[in-house]
Amino acid sequence: MPDRILRAISMQTIDHRGPAFADVGKRALEGMKSIFKTESHVIIYPASGTGAWEAALSNALSPGDKVLMFETGHFATLWSKLAGKLGLNAELIPGDWRGGADPDAIEARLKDDTAHEIKAVCVVHNETSTGSVSPVAAVRKAIDAANHPALFMVDTISGLASLDYRHDEWGVDVTVSGSQKGLMLPPGLSFNAVSEKALAAAKKSTMPRSYWSWDEMVGPNASGYFPYTPGTNLLYGLNEAIDMLHEEGLDNVFARHKRHGAATRAAVRAWGLEVLCAQQGQESGVLTAVLMPEGHSADAFRATTLENYDLSLGNGLSKVADKVFRIGHLGDFNDLMLMATLSGVEMGLRKAGVPHEAGGAQVAMDILSENQEQPTAAAAQ
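Calculation criteria
Residues numbered from 1 in each chain as written. Predicted model: local features only at pLDDT ≥ 70, side-chain atom pairs only at ≥ 80, totals over all residues. Heavy atoms only, no water. Buried < 20%, exposed > 50% of the residue type's maximum accessible area, 1.4 Å probe, protein only. Helix = DSSP H or I, 4+ residues; strand = E, 2+ residues; numbered from the N terminus. Pairing = 2+ DSSP bridges. Axes fitted to C-alpha atoms, helices over the stretch in contact; angles between N-to-C directions. Contact = heavy atoms within 4.5 Å. Parallel < 35°, antiparallel > 145°, perpendicular 65-115°, else oblique. Left-handed = near helix turned anticlockwise from the far one by under 90°. Nonpolar A, V, L, I, M, F, W, Y, C, P; charged D, E, K, R; others polar.

## Quick look at the pairing of strand E9 (residues 190-194)
For a regular strand, side chains alternate in direction, first toward one face of the sheet and then toward the other.
Okay, step 1: Within E9, five of the five residues are buried, leaving the element largely enclosed by the surrounding structure.
Okay, step 2: The alternating pattern of E9 places Ser190, Asn192 and Val194 on one face and Phe191 and Ala193 on the opposite face, and all of these are buried.
Okay, step 3: Bridge count between strand E1 (residues 41-45) and E9: five bridges; the pairing is antiparallel. Residue isoleucine 43 lies in a different strand from E9, and its bridge partner there is asparagine 192.
Okay, step 4: Here strand E8 (residues 174-178) pairs with E9 via five bridges, running antiparallel. Its bridge partner lying in E9, valine 176 is registered against asparagine 192.

Put into structure tokens, the structure is as follows:
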């Protein structure tokens, strides 16, 4: 979290019903439209990403509705389980956790659904547990090719403000996100970007809801206010984050993450290790999940690296627990920070006795040195 954002969060809390707050609320609500790339409504909740999942489903659907999801990893599975707890009929297309959602499989399933029982298609854009990215635009084309009326919902909790995302252009009905990833904030804010089609569906929904209700939000939001107490100080930080993203230029932000992802994967392969995402072109610029050699514990390696080099690496979740470790390279992150991270990983591999080839960090350094970031023309203006 950049100092600028932390300083913004530390501002004095003001009355969220007073006249001065309207500017804070409007800036946040309008600013987030530019990050989602939408002209429609963005709803901001004082909640985690899990809350935004529940809000998306509970507003647009009714108990018993069928939703189609794709198993890209741990978080896609959790979203499916949450749908079941809400009384929805969640159908999960199996995946191997080594790539994004398969548009062809989704299209085939929708074509089989001639009665249009499926009311929503839900995919995870950037699967945080695996480092794989789903082709959101291609999934939209698959839904259209099947001539299916289902709503299209996307979780980009770890993708927004790090990877290119276009809510309107890609025809997404509800986009879910959170504050603690590319927006460079602490946890505590979550978002729904909502299309007019989704708002219309909400009017027919019979799902019980109060805290998550879009209808309750839209009215007060028009003047910069909220129906209940908002995360005032986090909104200060959010406005600062939006400013920082536009100062760098969103295209430059996306290019930086892409460079760091490519350099990290090159280091992993130079070590003789395997990147979990096996689908070329779907590798994430947000994080890289690395498979451990057979017979070696990822958690033991992570513990050794933390103890000796004060470097915390992500753990494997559910199906890949103790089998992978995850290297994050997102948010307020630069070349020197990446080189420190990769050097720490390489030292940790040696200290933990994990079989590998030396020199991965050097390979990454060479890539970064040869591919210096150049601001885009749009950002320079």
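## Concerning the sheet that holds strand E2 (residues 66-70)
Okay, step 1: Taken together, seven strands build an open sheet; the order of strands is E1-E9-E8-E7-E4-E2-E3 and the sheet is mixed. Unpaired on one side and paired on the other, E1 and strand E3 (89-93) mark the two borders of the sheet. Averaged over all neighbouring strand pairs, the angle between strand axes comes to 20°, with direction disregarded.
Okay, step 2: The strands touched by helix H6 (residues 136-145) within the sheet are strand E4 (118-124) and strand E7 (151-155), with E7 carrying the most contacts at an inclination of about 165°.

## Regarding the packing of helix H12 (residues 335-352) against helix H13 (residues 360-370)
Okay, step 1: Interhelical geometry of H12 versus H13 gives an angle of 165° and a closest axis separation of 9 Å. Classified by the angle their axes make, H12 and H13 are roughly antiparallel. Crossing geometry of H12 relative to H13 is assigned as right-handed. Along the contact surface, H12 presents Asp335, Leu338, Met339, Leu342, Ser343 and Glu346, while H13 presents Gly360, Ala361, Ala364, Met365 and Leu368.
Okay, step 2: Among the residues forming the contact of H12 with H13, the class breakdown is seven nonpolar, two polar and two charged.

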